[in-house]
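Summary of structural features
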There are 2 protein chains.
Amino acid sequence: MGRPPSRLAAFALAALGASATLSSARADEGMWTYDALPADLAARHDFTPSPAWLDHVRSSAVRLSNGCSASFVSANGLVLTNHHCAHSCIEDLSSAEHDYVAHGFHAKTAAKELICPGLELNQLVSIADVTERVTAATRDLGGEEFQKARRAITAGLEKECADSEALRCDVVSLYQGGVYQIYKYRRFDEVRLVFAPEMKIAFFGGDPDNFNFPRYDLDVAFLRAYAQGKPVATTEYLRWSKQGVAPGDLTVVAGNPGSTQRLFTVSQLVFERDVVLVELLLDLAQYRGFLDQYAAQGKEQRRVATSEIFFVENAFKAISGERAALNDPAFFSTLVQREDNLRAQVSKRPELVRKYGAAWNAIAETLQRFAQTRRALLSIEGSRGGSPWWATSDLFRWARTIVRGADERERPNEQRLPEFRNSRLERVLHHLLGPSPIDKPFEIAKLTFGLTRLREVLGADHAFVRQVLGAKSPSEVARDWVQGSRLGDPLERKRLWQGGTQAVSASTDSLIRFVKRIDAEARRVRAEYENEVESVLVKNAELVAQARFEVFGRSLYPDATGSPRLSFGQVRGWTEQGSPVSAFTTFGGAFARATGRDPFALPKSWNVARPQLDLDKPLNFVTDNDIIGGNSGSPVIDRTGDVVGLIFDGNIHSLGGAYGFDMTKNRAVAVDVRGIAYALEAIYGAPEITAELRAGQQ
Amino acid sequence: MGRPPSRLAAFALAALGASATLSSARADEGMWTYDALPADLAARHDFTPSPAWLDHVRSSAVRLSNGCSASFVSANGLVLTNHHCAHSCIEDLSSAEHDYVAHGFHAKTAAKELICPGLELNQLVSIADVTERVTAATRDLGGEEFQKARRAITAGLEKECADSEALRCDVVSLYQGGVYQIYKYRRFDEVRLVFAPEMKIAFFGGDPDNFNFPRYDLDVAFLRAYAQGKPVATTEYLRWSKQGVAPGDLTVVAGNPGSTQRLFTVSQLVFERDVVLVELLLDLAQYRGFLDQYAAQGKEQRRVATSEIFFVENAFKAISGERAALNDPAFFSTLVQREDNLRAQVSKRPELVRKYGAAWNAIAETLQRFAQTRRALLSIEGSRGGSPWWATSDLFRWARTIVRGADERERPNEQRLPEFRNSRLERVLHHLLGPSPIDKPFEIAKLTFGLTRLREVLGADHAFVRQVLGAKSPSEVARDWVQGSRLGDPLERKRLWQGGTQAVSASTDSLIRFVKRIDAEARRVRAEYENEVESVLVKNAELVAQARFEVFGRSLYPDATGSPRLSFGQVRGWTEQGSPVSAFTTFGGAFARATGRDPFALPKSWNVARPQLDLDKPLNFVTDNDIIGGNSGSPVIDRTGDVVGLIFDGNIHSLGGAYGFDMTKNRAVAVDVRGIAYALEAIYGAPEITAELRAGQQ
């Protein structure tokens, strides 16, 4: 499924602020920005996309607000993405009576398409360079001054750019702050669910097959963008390929890779390997054990926990793979080598030593200090405006949004915490006011688990733990919070948001009161981190990036930053322990792998259709495109601009991709569009969807 | 609670075979054997124990067959140990009707004392050196030959020594194989439960306070040794101290420290830090999440899972502490320094280089190879004859004992797997045939969890996983096993054991058949490990140990090996982040810390008695004795030989003790005997026990 980019941010703090480039990049490696394609593209792939080709792909490929990728695939706003990217929506729309996760969803007519709460699409409109304005604003500043100035200039630039509700603008820090750009997007804030297959085939093979290939998943969902209650009419969509792809064909992936750490300094990599990833895995492992057993209690418990299990299993496997990569002595030594090489070049030139020489040690020392305070930061504040790691609760998240949002909106835009800038508020409200249902028993169980673990991690005598628990047990506190809160009601959330600080002060809601009580301390640890850790890391990472530019020049790609990128590759299998792995799988392979037991059970629809099926139809395939979590849902495009596949995963070797790209083995995994169309017609009785997809074919 | 020594063996494979000495040991550090006390004992503590003093302590202090320590404290065979050491017994004797874990147990008369299933006591009778015979038998051998010869000589020596059912003999490898000794014990195989307080006070503060101090636990249980159905009459018992101890008083701890790794080579420490401990923590974290939520389902589920939760929480905290110690750069660098120092000395003398120079690299290379096969070994065979890590199931354990036991008993004693030697069979039968009840739903849940994780760890396509699951899901396999097995019935286990290979072959029991089916492969991976990994590690660790002897001489203490040891220290607090921590806590402190909510809820008996209590009575205290897991239940003895306390834990700084001893902060935590007696009289109405304890006082 790929490492999920957004929700993990709450855990993976150290990844922050880091982007960098490789010194040896070729066209087959890298996640390239639309305005700076690899120089050897024509030579390696005999491909030179025209400006029109690029504009069309840029507009057709979109970003989902949950961090996934997607693309327009019809003139009526039909959108192709992964089932796992639409999973929260499918789950939100489900109930004990209508379980669309289990049974799938199919709106035969537009009138039956259902709104996905809180989901929006962003379509990249333009990119502009703002490096000079950003760097001028922060020059010679440090600590709190640096943070304030950076926040102010970023907020100012984004506001200036997004001059209408229909737009969104993000300042993106590329090349570790070597380059700042502003990305302008058109927003589509009404998205409806059109079609989703059963979870059993969307995620056939489940966690065991996740990040593996051969694979047999129909990890597909169709959405539709609406505006003013009507389907969006557009000419910017990808044509559905007639003939599909074959081994060796050029494949272009247009998506939003979330985050890579390919040029972390060695001290950052060691911190990642020994602290960040291990602590994250331990949190996830315990949470996973809890969730699995919660789900084992009954059908309804399984239904409400499935999405969370899905997320945790995927994250656990992804991060285990990243840790394994960093623990591989051979791989790690190439990363050390790379830094040694750069530093050796720097040390030869006194002016470079003077400008950049101290940066590596400054980062190492800052991380050593940070190791002492990291757990408290993540426990009290969380990272990047997310929740503390133990509070995997919608109610808590809403309470914090309401309490902070009230305070922040009383400040000038440019002095606010970034997540409450005007340019972000629309999205905040989507999350806050959407009708996502909550399940009280599950909320109580999650908070009980989280509070118990909080006490374990910080210790029973930690001031914050005492403040949270007082003389009560974790389960009592969890029950009091959930029973004493009306935040499960969207109207109450709306009332509090609109009422601002006055309504918040007057509220007797248990969670609102709790969040208010801890907010000063939470803001304090956040500010301490930002001023004393983050600002030093950002400043010195900029220096390392500049040193790299000076030594290796600039024809490189930046690390992934969750913004739109292109990756170039081809359909290609690989060799696994001496045996070739073929690039394609078929419908027949799915039936061969099925055991009838979860997660290797096919849905009834497939078993019913089986006698009539052409088992040789292609289902999934692999390419050597360089992708990472966030690319889920990306279209795979051929040289004519037709969509030939849908990225939904990487193979097991792709997990080291966070730190480096191994072209011999790292593979992207996609659903074949021929398989999608075939399933829609032969299994799901959805010829109206394939007709819509094929309407653009010539 | 201290790291539990025996059950963890299934996880902590790499600890195997390693024992070593420090080069800077003083009397206050170290776990000393009875036959080799520290040379500076008189100088540091003005204490020179007479041979009679030593003989008396050696005979009065005993080892429990579950890896804990204990001591005789009356002429009628009364035995003092920890509640957590007797926990399995208390749980086994409990039922939904009689919950002795929750409510405590008190046999007012001998007739009401209940047999602890499978528990036995070992009393050290003598120690003899067998170094020459062992080394002569294995000289110049390697791989399988080495293993066979080592196994044969060990079996022969133990058999020769234990010439009656009433005896047990163990060959102990001290100083990393530099010294081999045979320890002869008298066995007491009938042990009954006399008294246990409520879990709430035995483990007051629960996991949050575990490994912490100040502390307020009555972690006490009284057992009684029986022979032929009568209480054992003995003169070898510790007198109950009249006046107790004061700060600065000499304290001798007589117990069975399980295992330390103080002179692992650096490559072993790195392997431990980055592979062994992290994988172990991940297994435990997930299992813990599962268990906690299993227990949350209801009262009966909590009752059956409590012991397992107890074990897992303790292990998780202990191992986290060990990992933290190894991840502390300052601490780790002292360990590196120590090896550098030794190797520098070796490198100065060509004859030492020739004999020992290659040993460190041989260990490092072997571990690097082992990293590739370790997970499969632990998944298919487990370590040291234990179960595979995923099979935390009594039924599985019994099935393996029956299947292997049948095969092994057909071989000559000296060719058997060590755990089935004649000298071990009595203990095997205790475990196999004891009446320990099983809870079917819990067995199914545990096996479902374990099999799911097995599939996750090895991958769905691993041959062993396919063999185990076939086309079924983990929960189906678990259910089939448990429903299709009659091994929950002790009589059926007895029938199969006595029937040998014939009965096993004829059995249709689901688990017997499964274990038979995988046994050849399990034995193969075990043999491969023993011949290609273990033998190389043992041989080269011997070389490192010999090099250490040659460089630093021999007046050192060996690493802990689960055999009886003495540790010398004094009652002493420490300074925590600038604040002094007093050495004693009182009954009043317990009431002050109580919140009324688990794990900070006192039992009803305490709250009822409170108005009448003298709140200044001492409850717990700390000493600077050097202890480790396995010392739980050890008596703390004063210079006159009286018992003044009962070890039950270490402070948080004691967790690094696996790798080194920090005398400024590492503290042992004990229950004060004055507090025990006071609670028995003022709270539990058990004057007959205190009368028995005081009968020996003069």
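These notes cover the structure that comes with them. Note that this is a predicted model, so its numbers are computed, not measured. (Residues numbered from 1 in each chain as written. Chains lettered and ligands numbered in written order. Predicted model: local features only at pLDDT ≥ 70, side-chain atom pairs only at ≥ 80, totals over all residues. Heavy atoms only, no water.)

1. Brief notes about the pattern of salt bridges
Oppositely charged side chains are able to pair whenever their charged atoms sit close together. Residue and element names in this part refer to chain A. Our working definition: Take a side-chain nitrogen of Lys or Arg and a carboxyl oxygen of Asp or Glu: if they are within 4 Å of each other, that pair is a salt bridge. Secondary structure is summarised from DSSP: a helix means a run of H or I of at least four residues, a strand means a run of E of at least two, and numbering begins at the N terminus for each. Under the scheme applied here, a residue whose accessible area is under 20% of the maximum for its type counts as buried, over 50% as exposed, and between as partly exposed, the area being computed with a 1.4 Å probe on protein chains only.
In the structure shown here, the tally under the stated rule is 110 salt bridges over all chains. Here Glu 688 and Lys 108 are joined by a salt bridge, their closest N and O atoms 3.5 Å apart. Placement of the pair is Glu 688 in helix H24 (residues 687-694) and Lys 108 in the loop between strand S4 (105-106) and strand S5 (114-115), with a sequence separation of 580 residues. Its relative accessible area of 44% is what places Lys 108 among the partly exposed residues.

2. Regarding the sheet that holds strand S17 (residues 618-623) of chain B
Residue and element names in this part refer to chain B. Spelled out, the test is: Following DSSP output, two strands are said to pair if at least two bridges run between them. A fitted line through C-alpha atoms serves as each axis, taken over the contacting stretch for helices, and the angle formed by two N-to-C directions is quoted from 0 to 180°. We call two residues in contact whenever any of their non-hydrogen atoms come within 4.5 Å of each other.
Taken together, the 7 strands give an open sheet; going across it, the order is S13-S12-S18-S19-S20-S17-S16, and neighbouring strands pair in antiparallel fashion. Looking at strand neighbours, the two that pair on one side only are strand S13 (565-570) and strand S16 (584-586), the edges of this open sheet. Averaged over neighbouring strand pairs, the angle between their axes works out to 30° when direction is ignored. Judged from the 4 bridges that link them, S17 and strand S20 (residues 668-672) form a sheet pairing that is antiparallel. Each residue of the ladder has a partner; that of Val 622, found in S20, is Val 669. The strands that helix H23 (residues 673-682) touches are S16, S17, strand S19 (643-650) and S20; relative to S20, the one it contacts most, it runs at about 40°.

3. Considering the packing of helix H9 (residues 266-295) of chain B against helix H11 (residues 329-347) of chain B
Residues and elements named next belong to chain B. Using the following cut-off: For classification, angles of less than 35 degrees are called roughly parallel, those exceeding 145 degrees roughly antiparallel, those between 65 and 115 degrees roughly perpendicular, and all remaining angles oblique. Under this grouping Gly is polar, as are all residues other than the nonpolar Ala, Val, Leu, Ile, Met, Phe, Trp, Tyr, Cys and Pro and the charged Asp, Glu, Lys and Arg.
For the pair H9 and H11, interaxial distance at closest approach is 10 Å and the crossing angle is 155°. Comparing the axis directions of H9 and H11 gives the class roughly antiparallel. Contacts between H9 and H11 involve Val 266, Leu 269, Val 270 and Arg 273 on the former and, on the latter, Phe 332, Leu 335, Val 336 and Glu 339. In terms of residue class, the contact of H9 with H11 is made up of 6 nonpolar, no polar and 2 charged.

4. Points about the interface of chain B and chain A
Using the following cut-off: What counts as buried area is the accessible surface, traced by a 1.4 Å probe, that two parts surrender upon association, with contributions from both included.
Taken together, the contact pairs 36 residues of chain B with 37 residues of chain A. Broken down residue by residue, the surface that chain B buries against chain A is led by Leu 282, Gln 293 and Arg 597 of chain B, which jointly contribute 18%. Here chain B is connected to chain A by 6 salt bridges. Residue Arg 288 of chain A pairs with Glu 456 of chain B through a salt bridge whose shortest N-O separation is 3.1 Å. Listed by contribution, the elements that provide at least two residues to the side of chain B that touches chain A are helix H8 (206-209), H9, helix H10 (299-327) and helix H16 (440-458) of chain B.

5. Here's the deal with the state of the cysteines
All names here are of chain B. The condition that has to hold: Pairs of cysteine sulfur atoms within 2.5 Å are what we label disulfides.
Scanning the entire structure with this criterion turns up 6 disulfides over all chains. Residue Cys 161 pairs covalently with Cys 169 via a disulfide, S to S 1.9 Å. Looking along the S-S bond of the Cys 161-Cys 169 disulfide, the torsion reads about -65°, which is the left-handed sense. With respect to class, Cys 161 is no different from Cys 169; both count as buried. In chain A, the cysteines engaged in disulfides, taken in order along the sequence, are linked 1-2, 3-4, 5-6.

6. Some words on helix H13 (residues 359-380) of chain A
All names here are of chain A. Condition: To estimate how far a helix should extend, the number of its residues minus one is multiplied by 1.5 Å. What the bend at a residue measures is the angle between two axes, fitted to the seven residues ending there and to the seven starting there.
With 22 residues, H13 should reach 32 Å at 1.5 Å per residue; the first-to-last C-alpha distance of 30 Å fits that figure. Considering bend angle alone, the principal kink of H13 is centred on Thr 373 and spans about 50°. Taken as a whole, H13 has its buried residues at Ala 359, Trp 360, Ile 363, Thr 366, Leu 367, Phe 370, Arg 374, Arg 375, Leu 377, Leu 378, Ser 379 and Ile 380. With its phi angle positive at about 85°, Gly 382 sits one or two positions after the end of H13.

7. Focus: the relation of the copies chain B and chain A
Between the two copies of this chain, the relationship is a rotation about some axis together with a displacement along it. Our working definition: Copy-to-copy alignment: least squares on C-alpha atoms, limited to residues at pLDDT 70 or above in both.
In the superposition of chain B on chain A (RMSD 0.1 Å, axial shift 0.0 Å), the rotation amounts to 180°. The operation mapping one copy onto its partner corresponds to a two-fold rotation axis. A share of 100% of the interface residues of chain B reappears at the interface of chain A, consistent with the copies meeting face to face through the same patch.

8. Looking at the sheet that holds strand S12 (residues 250-255) of chain A
Residues and elements named next belong to chain A. With antiparallel pairing, 7 strands are arranged side by side in an open sheet as S13-S12-S18-S19-S20-S17-S16. With one partner strand each, in any of the chains shown, strand S13 (565-570) and strand S16 (584-586) form the two edges of the open sheet. The mean angle between the axes of side-by-side strands here comes to 30°, regardless of whether they run parallel or antiparallel. One ladder, built from 3 bridges, connects strand S18 (residues 635-637) with strand S19 (residues 643-650); its direction is antiparallel. If you follow Val 636 over to S19, its bridge partner there is Gly 645. Its contacts with the sheet put helix H23 (residues 673-682) on S16, strand S17 (618-623), S19 and strand S20 (668-672), and the angle it makes with S20 is roughly 40°.

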